[in-house]
Amino acid sequence: MYRDMSACNTYNYGDALYWDARYIQEGGSFDWYQRYSALRPFVRKYFPTSSRVLMVGCGNAVMSEDMVKDGYEDIMNIDISSVAIEMMRRKYEHIPQLKYMQMDARDMSFFPDESFDGVIDKGTLDSLMCGTDAPISAAQMLGEVSRLLKPGGIYMLITYGDPTVRTPHLSRPVCNWKIELYIIPRPGFQRPPGSTSTKSFLEPTPTTEKGLLPAGFVLEDPDSHYVYVCRKMDQTTDLSLHQVGDQLICS
Ligand SMILES: C[S@@+](CC[C@H](N)C(=O)[O-])C[C@H]1O[C@@H](n2cnc3c(N)ncnc32)[C@H](O)[C@@H]1O
């Protein structure tokens with residue numbers, strides 16, 4: 001179950017054709033990074049079961065199915081891979097709480113503004129960060145996520161990316177988010193014998209004013225995953241993006 005994106009430079013994770021080929025070849029189901037059972041405390045804390053949730057880049061993960069079993073009533077799943085979406089649509093045609101649409105997370109104009117209470121992203125921003133034009137793709141996707149969230153809504157990002165590589169994207173002015181950070185060990189991690197740590201992974205990790213880990217912070221598991229809980233604040237800036245040279249700016 002545990003896979004990471006350390007092969008980012010070898011595979012084109014940002015390319016729809018890569019994912020289509022992979023889903024044709026592998027079939028079945030697979031959850032990247034973490035299963036719902038491990039993420040449940042965070043999901044239940046931030047998303048009431050009545051929330052309208054968007055799962056961006058659902059792949060063939062069982063996360064959404066597990067959420068429905070846990071009481072969630074309305075989950076829209078999108079993925080750039082038409083192969084994944086067709087497989088999932090067929091698999092879950094008997095579950096009305098789950099809907100599937102092929103869509104690029106960088107352009108979700110099909111949905112009106114403020115359509116969702118919550119957006120969950122497990123590994124999808126990470127995929128875009130492996131593709132060409134990564135910073136532009138990331139800004140486009142995050143701008144769309146912000147547009148689709150209701151004020152007060154939550155974007156939950158589950159990623160292998162630590163704050164030095166993710167906070168610069170999450171804290172751009174296009175997204176007016178208040179961010180909390182959790183750090184959870186990879187599945188199967190066990191504290192070394194003799195460890196005296198009593199730290200709960202369910203407590204948010206304090207960050208600096210710039211959203212980084214404090215100097216000297218030591219990860220218990222060096223291969224930890226990061227859960228960024230980003231709450232959309234009421235006052236959003238104009239979300240339209242303009243490209244000037246290689247810079248994205250807000251109008
Ligand atoms: C690492 S997998 C994660 C799949 C699933 N969320 C999970 O947790 O197992 C990344 C997924 O993002 C999808 N993806 C990549 N680029 C995308 C884009 N621009 N728009 C929507 N989905 C995208 C891929 O097709 C793939 O299913």
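Owing to the predicted nature of the structure, the values given are computational and were not obtained by experimental measurement. (Residues numbered from 1 in each chain as written. Predicted model: local features only at pLDDT ≥ 70, side-chain atom pairs only at ≥ 80, totals over all residues.)

Draft legend 1. Region of interest: the confidence of the model for the protein. Residues at a pLDDT of 70 or more form 89% of the protein, whose mean pLDDT is 90. Across residues 236–251, where pLDDT falls below 50, the model places 27 contacts with residues more than four positions away in sequence or in other chains. (pLDDT = per-residue confidence, 0-100. Contact = placed C-beta atoms within 7 Å.)

Draft legend 2. Examining the packing of helix α1 (residues 16–26) against helix α4 (residues 82–91) more closely. The N-to-C vectors of α1 and α4 enclose an angle of 40°; their axes lie 7 Å apart at closest approach. Here α1 is positioned oblique relative to α4, judged by the angle of their axes. In contact with Trp 19, Asp 20, Tyr 23 and Ile 24 of α1, α4 contributes Ser 82, Val 83, Ala 84 and Met 87. Of the residues assigned to the contact of α1 with α4, the class counts are 6 nonpolar, 1 polar and 1 charged. (Axes fitted to C-alpha atoms, helices over the stretch in contact; angles between N-to-C directions. Helix = DSSP H or I, 4+ residues; strand = E, 2+ residues; numbered from the N terminus. Parallel < 35°, antiparallel > 145°, perpendicular 65-115°, else oblique. Nonpolar A, V, L, I, M, F, W, Y, C, P; charged D, E, K, R; others polar.)

Draft legend 3. How the structure looks around helix α2 (residues 36–46). Regarding α2, the residues found buried are Leu 39, Phe 42 and Val 43. With its buried residues spanning 100° around the axis, α2 presents them on a single face. The inward-facing, buried residues of α2 abut α3 (63–69), β5 (149–159), β6 (177–184) and β7 (225–232). (Buried ≥ 20, exposed ≤ 12 C-beta atoms within 10 Å, placed from the backbone. Arc of directions from axis to C-beta.)

Draft legend 4. Representation of unusual backbone geometry. Of note, the phi angle at Tyr 33 is positive, near 70°, even though the residue is not glycine. Relative to the elements of secondary structure, Tyr 33 occurs in the loop between α1 and α2. Owing to 24 C-beta atoms within 10 Å, Tyr 33 belongs among the buried residues under this scheme. Not every positive phi belongs to a glycine, and Glu 114 is a case in point at roughly 55°. You can see Glu 114 is positioned in the loop between β3 (98–102) and β4 (116–122).

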